[in-house]
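Breakdown of the fold
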Amino acid sequence: MRLCAATIAAFTIAATMMCAPLRADDATKNPLTPKMAITLRSESDLRFSPDGRRVAFVVSEPLQGAKRQTHIWVLDVATHDVRPFTSSAKSEHSPRWSPRRHDLAFLSDRSGDEAQIYLLPGEGGEAYPLTQGKRSIESFAWSPDGKQIAFVAPDAKTDAEEQKEKDKDDAHVVDKDDKPAGLWVLDVVTHKERRLISAPWKVSEAEWLPGGDRLIISATDHPESDENTDRIFTVTAADGKMTELFAPRGSFGELKISPDGKWVGYLAARVDGPDPHDLYVISTSGGMPMNLTGTSIDRQIGDYAWRPDGTLEAVVTSGFHTQLYDVTVEGKATPLRSQPVNPLNFDLSRTGNVAYSGGTATQPAEIWFADGDTPAQRVSDFNKDWNAVELMQPEIFRYASFDGTEIEGALLLPPGYDGHAKLPLITLIHGGPTGNWSDSVQVWGQMLAARGYVIFYPNVRGSTGYGEKFLEMNRADWGGGDFKDMMAGIDSLIARGVADPNRLGIGGWSYGGYMAEWAITQTTRFKAAVSGAGMSDLIAEFGTENGPSYDEWFWGQPYEKPQGFLKASPILYMRDAKTPTLILQGENDKTDPLGQSQQLYRALKHYGVKAELVEYPREPHGPREEKHNLDILNRILRWYDENLK
């Protein structure tokens, strides 16, 4: 049960640190509302042009209708002018500059439901498709000479398959009828495609080596497996011959080739999981990989890029903050100049300029640019409407948990709080469990604080940003030490005098939803709970979710070791639940499936506990539709008001 990046973005669930007094102009600002919350824009996938004069990036637009749109914008480095580069009625993403021209290729579904590669000529004109067919392109990369594009995509649907879908004669044999993504090469001039790798192989990533005769890919010949079976290969561009470089034991990704072609970098787990944590390099001629950051930094790497001189720059998560580091292939790591905001993702030019997206708890993410060693400057204003919104700056604090482990948390106080009253406290738990609260805008907490609640964000054991050992501390212990960490933080706030012990609430999404469900079965101290896409029965969840290898790292296989799953399943303790609980769930959730919330609701009903289950049609793990997101946020506010005030 992993909370993916997309889900985190959908709810912007992050917290912050630092404490600041209320500014004089805050009195004229407006509290955050659900309607305003869904207008938050974000930026990602920054790409410098080869000459360093422009930066293309993706902007996620405010929620409207059934799907959030994304479009490509471009920054002019010389003038700092930012302008839209695409503006279709659909979405565009994955901008990639041609290495030899000023052309920009990207993915878009503007001609139908499938994502195709489009090319926008550097000399001007309209973008036109380079690919077509009844299949979506997953990713692509230009060859070094700009004459070819390698792309990852499955086979297109046949006419017979199309007809069966129309006739509703579309029974599907799991695994056997799946079409794994293969590797293809496209001639940019003729638009002719040739297949390099096909079934049974499934390709996840592909990048060209500088010579143009080989590629580096991650792929598996067991796409039906529920284990992590991807390996790293070199592939000959002429005939698709594969040579294995290495088989990481856990999950990995983000393959990037050094400028001289000697190394391939990637992010991977320290040993075997559960999530990529460290930055590795391996020689493109073979050998053993080297962990560059496990010892020197021991914090999760979020993004990285190669410099022309063969060193690397990386975004490092440290507690609630992120920071840029310089990393050498020998494993020496040095923190770079502190940034005015927290960098999220970035790119480097050949001359050493950096552009990144970043923000804080009171500054929505924007594009920032730094020329060499000069301080970064904000060059975009996508969220200017948020200047009229009152966002409170949380205070970071540390406390000792039950076993002496130091836990870091953040406290969000209502506007105008004078420090004398004991207020209702809502504890929000992040997703994951290998996630964390960070220094960025968090809409749940800001809305609730505006209504008079104290908000507590604990980064309990198992969170990222505190080293590999801390991340592994809740292995086979969900609901154990992590729950005690949370309760110790709550007790510290009660002792401090800011929290009313008789008005405690809890909430979260995914693993945060699980923790809310666990809490209501372990104590009656909470008077209101919200569980979004949580888990009540860990064995049933393992058997029905997508990607169970994540949970397997924590618990093993339930067919062989069911005891841990059972012991940590809230469903076994439902007779002890008394807390009014709001349950929110997407009907098409494949990460934490619908049945988990249905079981919770049925059990609460059986024991006469006040509960509501709200199901959202079509929605996956992170709800995407405008009206559903508004409904979720409004229901959360009403539920806490009804049960805590």
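Description of the structure in this document. All residue numbers refer to positions counted from 1 along the written sequence of the respective chain. Note on the predicted model: pLDDT of at least 70 is required for a residue's local features to be given, and 80 or more for side-chain atom pairs to be given and counted; whole-chain, interface and lining totals, by contrast, use all residues. With hydrogens and water excluded, all non-hydrogen atoms of the structure serve as input to the side-chain values.

To continue, consider the pattern of salt bridges. Here a salt bridge means any side-chain nitrogen of Lys or Arg lying within 4 Å of a carboxyl oxygen belonging to Asp or Glu. One pass over the structure, following the stated rule, counts 32 salt bridges. The closest approach of N and O atoms between E61 and R41, which form a salt bridge, is 3.1 Å. Here E61, found in the loop between strand 2 (54-60) and strand 3 (70-76), pairs with R41, found in the loop between helix 2 (34-37) and strand 1 (42-48); they are 20 residues apart in sequence, far enough to count as distant. Classification of E61 as buried rests on a relative accessible area of 13%. Secondary structure elements follow DSSP: runs of H or I no shorter than four residues count as helices, runs of E no shorter than two count as strands, and numbering proceeds from the N terminus. Burial status follows relative accessibility: with a 1.4 Å probe on protein chains alone, a residue under 20% of its type maximum counts as buried, one over 50% as exposed, and anything between as partly exposed.

Take unusual backbone geometry next. In this structure, the amide linkage connecting G273 to the following residue, P274, adopts the cis form with an omega of 5 degrees. Note that P274 resides in the loop between strand 18 (263-268) and strand 19 (278-283). Put simply, G432 and P433 share a cis peptide bond, and its omega is 15 degrees. Looking at the element boundaries, P433 is found in the loop between strand 31 (423-429) and helix 4 (443-450). A positive phi is found at D45, a non-glycine position, where the angle reads about 55 degrees. Structurally, D45 is set in strand 1. At S94, a position not held by glycine, the phi torsion is positive, near 55 degrees. Along the chain, S94 falls in strand 5 (residues 92-97).

Moving on: the sheet that holds strand 6 (residues 104-108). Pairing is antiparallel in the open sheet, where four strands are placed in the order 5-6-7-8. The sheet terminates laterally at strand 5 and strand 8 (128-129), the two strands that pair on one side only. Any two strands between which DSSP finds at least two bridges are classified as paired. Sheet topology note: the strand 5/strand 6 ladder contains four bridges and is antiparallel. Among the inter-strand pairings, W97 is bridged to a residue of strand 6, identified as L104.

Further remarks concern a negative patch on the surface. The patches reported here contain residues having more than 30% relative accessible area and no salt bridge. Joining distances are 9 Å for like charges and 5 Å for nonpolar side chains (Val, Leu, Ile, Met, Phe, Trp, Tyr). Each accessible area value is a Shrake-Rupley result obtained with a 1.4 Å probe; residue values ignore everything except the protein chains displayed when judging cover. We count Lys and Arg on the positive side and Asp and Glu on the negative side, and we leave His and both chain ends out. Each charge is placed at NZ for Lys, CZ for Arg, CG for Asp and CD for Glu. Taken together, the side chains of D175, D177, D178, E224, D226 and E227 make up a negatively charged region of the molecular surface. Judged by its relative accessible area of 40%, D178 is partly exposed.

Another aspect to go through is the sheet that holds strand 1. Taken together, four strands build an open sheet; the order of strands is 1-2-3-4 and the sheet is antiparallel. Across the chains shown, the open sheet's two edge strands, defined by having one partner strand only, are strand 1 and strand 4 (82-84). In this sheet, adjacent strand axes meet at a mean angle of 30 degrees when their direction is disregarded. Sheet analysis places strand 3 next to strand 4, joined by three bridges and oriented antiparallel. Note that in strand 4 the partner of L75 across the bridge is V82. Note on geometry: axes are lines fitted to C-alpha atoms, helical ones only across the stretch in contact, with angles between N-to-C directions running from 0 to 180 degrees.

Our focus in this paragraph is helix 11 (residues 594-606). Multiplying 1.5 Å by the residue count of a helix minus one yields the expected span of that helix. Over its 13 residues, helix 11 runs 19 Å from end to end, which matches the ideal 18 Å to within 8%, given 1.5 Å per residue. Buried residues along helix 11 sit against helix 7 (511-522), strand 34 (526-532), helix 8 (538-544), strand 35 (581-586) and strand 36 (611-616). Trailing helix 11 by a residue or two, G608 shows a phi angle of about 70 degrees, which is positive. Residue contacts are counted whenever heavy atoms from the two residues lie within 4.5 Å of one another.

Moving on, we come to the packing of helix 4 against helix 12 (residues 626-644). Axes are the key here: two packed helices are described by the angle between their axes and the distance separating the axes. Orientation of helix 4 relative to helix 12, taken along the N-to-C sense of each, is 40 degrees, at an axis distance of 11 Å. Judged by the inter-axis angle, helix 4 sits oblique to helix 12. Helix-helix and strand crossings are classified by hand; for helix 4 and helix 12 the assignment is right-handed. Facing W444, M447 and L448 of helix 4, the residues of helix 12 in contact are L633, I636, L637 and Y640. Angles below 35 degrees are treated as roughly parallel, those above 145 as roughly antiparallel, those between 65 and 115 as roughly perpendicular, and all remaining angles as oblique. Each crossing is labelled by how the near helix is turned from the far one, with a counterclockwise turn of less than a right angle marking it left-handed and a clockwise turn marking it right-handed.

Here we take up the packing of aromatic side chains. Two rings from Phe, Tyr or Trp (for Trp, the six-membered ring) form a pair when their centres sit within 6.5 Å of each other. Planes less than 30 degrees apart are called stacked, planes more than 60 degrees apart edge-to-face, and all others tilted. Taken as a whole and assessed by the stated rule, the structure comprises 27 aromatic pairs. Arranged with centres 5.7 Å apart and planes meeting at 80 degrees, the rings of F542 and F565 form a pair that is edge-to-face. With a gap of 23 residues between them, F542 in helix 8 and F565 in helix 10 (residues 562-567) connect regions that are remote in the sequence. The exposure class of F565 is buried, given its relative accessible area of 1%. On the numbers, 5.9 Å between centres and 40 degrees between planes, the contact of W555 with F565 is tilted. Of this pair, W555 sits in helix 9 (residues 549-555) while F565 sits in helix 10, and the two are 10 residues apart along the sequence. On the basis of relative accessible area, W555 is assigned to the buried category, the value being 8%. Each residue in the set W478, Y511, Y514, W518, F542, Y550, W553, F554, W555, Y559, F565 and Y573 is aromatic and connected to the rest through ring pairs, giving one cluster. Sitting above the plane of the F402 ring, K484 keeps its charged end 4.7 Å from the centroid. A cation over an aromatic ring shows up here: K610 above the ring of W639, its NZ or CZ 5.3 Å from the ring centre. Whether a charge lies above a ring is judged from NZ of Lys or CZ of Arg, which has to be within 6 Å of the ring centre and within 35 degrees of the ring normal.

Turning our eyes to something else, we now look at the environment of D403. Mapped onto the elements, D403 comes out in the loop between strand 29 (395-400) and strand 30 (406-412). For D403, a relative accessible area of 40% gives the class partly exposed. A C-alpha to C-alpha distance of 33 Å links D403 and L324, two positions 79 residues apart in sequence. At 3.0 Å, the side chain of D403 and the side chain of T405 are in polar contact. Here a polar contact is recorded for every N or O atom pair within 3.5 Å, except that within protein the pair must consist of a potential hydrogen donor and a potential acceptor, and residues adjacent in sequence are included only if both atoms are side-chain atoms.

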